[in-house]
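Summary of structural features
For reference, the chains in residue letters:
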Amino acid sequence: MPKLGMEPIRRASLIKATIAEIGQAGSLEVTVSRIAKRAGMSSALAHHYFGSKEALFLAAMRDVLRLYGAEVRGALAAAEGGAEGSAGRARAVIRASFSPANFRREVIAAWLNFYVLAQSQDQARRLLRIYQRRMVSNLRHALRPVLGDRAGSVAQGIAAMIDGVYLHAALGPSSPDGVAAARQVEAYLDAELGRGA
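These numbers come from a predicted model, not from an experiment.

**A short note on the environment of Leu128**
Locating Leu128 in the fold gives a position in helix H7 (residues 122-147). Separated by 17 residues in the primary sequence, Leu128 and Trp111 have C-alpha atoms spaced 9.8 Å apart. Contacts of Leu128, omitting those with residues within four sequence positions, involve Trp111, Phe114, Tyr115 and Ala118.

**Describing the packing of helix H4 (residues 53-79) against helix H6 (residues 105-117)**
In helix packing, the relevant descriptors are the interaxial angle and the interaxial distance, both defined with respect to the helix axes. Where H4 meets H6, the closest approach of the two axes is 11 Å, and the angle between their N-to-C directions is 120 degrees. In this view, H4 runs oblique relative to H6, as classed from their interaxial angle. Both H4 and H6 take part in a crossing whose hand is left-handed. Facing H4, whose interface residues are Glu54, Phe57, Leu58, Met61, Val64 and Leu65, H6 presents Val107, Ala110, Trp111, Asn113, Phe114 and Leu117. Grouping the constituent residues of the contact of H4 with H6 by class yields 10 nonpolar, 1 polar and 1 charged.

**Some remarks on helix H1 (residues 6-25)**
The terminal C-alpha atoms of H1, which comprises 20 residues, lie 28 Å apart, in line with the 28 Å expected from a rise of 1.5 Å per residue. Turning to H1, its buried residues are Leu14, Ile15, Ala17, Thr18, Ile19, Glu21, Ile22 and Gly23. Buried residues along H1 sit in contact with helix H2 (32-39), helix H3 (43-50), H4 and H6. Gly26 occupies a position one or two residues after H1 and carries a positive phi of about 75 degrees.

**Quick notes on the pattern of salt bridges**
Overall, the coordinates contain 11 salt bridges when judged by the stated rule. Arg91 is the salt-bridge partner of Asp190, the closest N and O atoms lying 2.5 Å from each other. Here Asp190 is found in helix H9 (residues 178-195), whereas its partner Arg91 is found in helix H5 (residues 85-97), with 99 residues between them in sequence. Take Arg91: its relative accessible area is 10%, and that puts it in the buried class.

**Some thoughts on the packing of aromatic side chains**
Under the definition given, this model contains 8 aromatic pairs. The interplanar angle of 75 degrees and the centroid separation of 5.0 Å between the aromatic rings of Phe103 and Tyr166 together place this pair among those described as edge-to-face. Of this pair, Phe103 sits in the loop between H5 and H6 while Tyr166 sits in helix H8 (residues 151-171), and the two are 63 residues apart along the sequence. Put simply, the rings of Tyr68, Phe98, Phe103, Trp111, Phe114, Tyr115, Tyr131 and Tyr166 pair up and form one aromatic cluster. The ring of Phe50 is capped by Arg11, whose NZ or CZ atom sits 4.8 Å from the centre of that ring.

**Some points on the nonpolar core**
With 66 residues, the main nonpolar core has Leu14, Phe98, Trp111, Phe114, Ile158 and Ile162 as its most contacted residues. By residue number, the principal contributor to this core is H4, which donates 13 residues. The contact partners of Leu14, leaving out residues within four places of it in the chain, are Ile35, Ala36, Ala39, Met41, Ala46, Tyr49, Phe50 and Leu56.

The rules behind these values
Residues numbered from 1 in each chain as written. Predicted model: local features only at pLDDT ≥ 70, side-chain atom pairs only at ≥ 80, totals over all residues. Heavy atoms only, no water. Helix = DSSP H or I, 4+ residues; strand = E, 2+ residues; numbered from the N terminus. Contact = heavy atoms within 4.5 Å. Axes fitted to C-alpha atoms, helices over the stretch in contact; angles between N-to-C directions. Parallel < 35°, antiparallel > 145°, perpendicular 65-115°, else oblique. Left-handed = near helix turned anticlockwise from the far one by under 90°. Nonpolar A, V, L, I, M, F, W, Y, C, P; charged D, E, K, R; others polar. Expected span 1.5 Å × (residues − 1). Buried < 20%, exposed > 50% of the residue type's maximum accessible area, 1.4 Å probe, protein only. Salt bridge = Lys/Arg side-chain N within 4 Å of Asp/Glu carboxyl O. Phe/Tyr/Trp six-rings, centres within 6.5 Å; stacked < 30°, edge-to-face > 60°. Lys NZ or Arg CZ within 6 Å of the ring centre and 35° of its normal. Core = buried A, V, L, I, M, F, W, Y, C linked by side-chain atoms within 4.5 Å.

Written out as structure tokens, the structure reads:
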């Protein structure tokens, strides 16, 4: 009989192993058997907890999004009342997007494959839309006091740049550099702030 409390630990191990395997393979062409082996358990147990590779991958992306959301909330709270005001909140979202926990090779690979999966799988598409709406909403809210009616289009531009930087990092040969990536997106923000409302 399994110990009480082992299920959440095993699920977390499988999710971590899923992200690592996708990162190593660079695609969703990984087997549940390989994921389970990395997690130190049988593929039958992985199927028991998640039912399918697709469900396991969606659980992994939910975990990535949970971590990302927590980092954004923490960054926004830290920026609250700061010297930069509203622009500081937008910078906080940008910097959280490229934090060491979010902008690492295996997570970048998971994102790239998540974008692809969302083209054909309804649950992935819905999850991606939620993420995109929240990002744009956070940015628009932060930028409205300084950019007025232009806040929505600038927020869309920043979100597109963040996605684009992830795409370039996924396909690029070098290690991801979150600081340089954030600076690149912030340069766009600075140019838009310079144009005024």
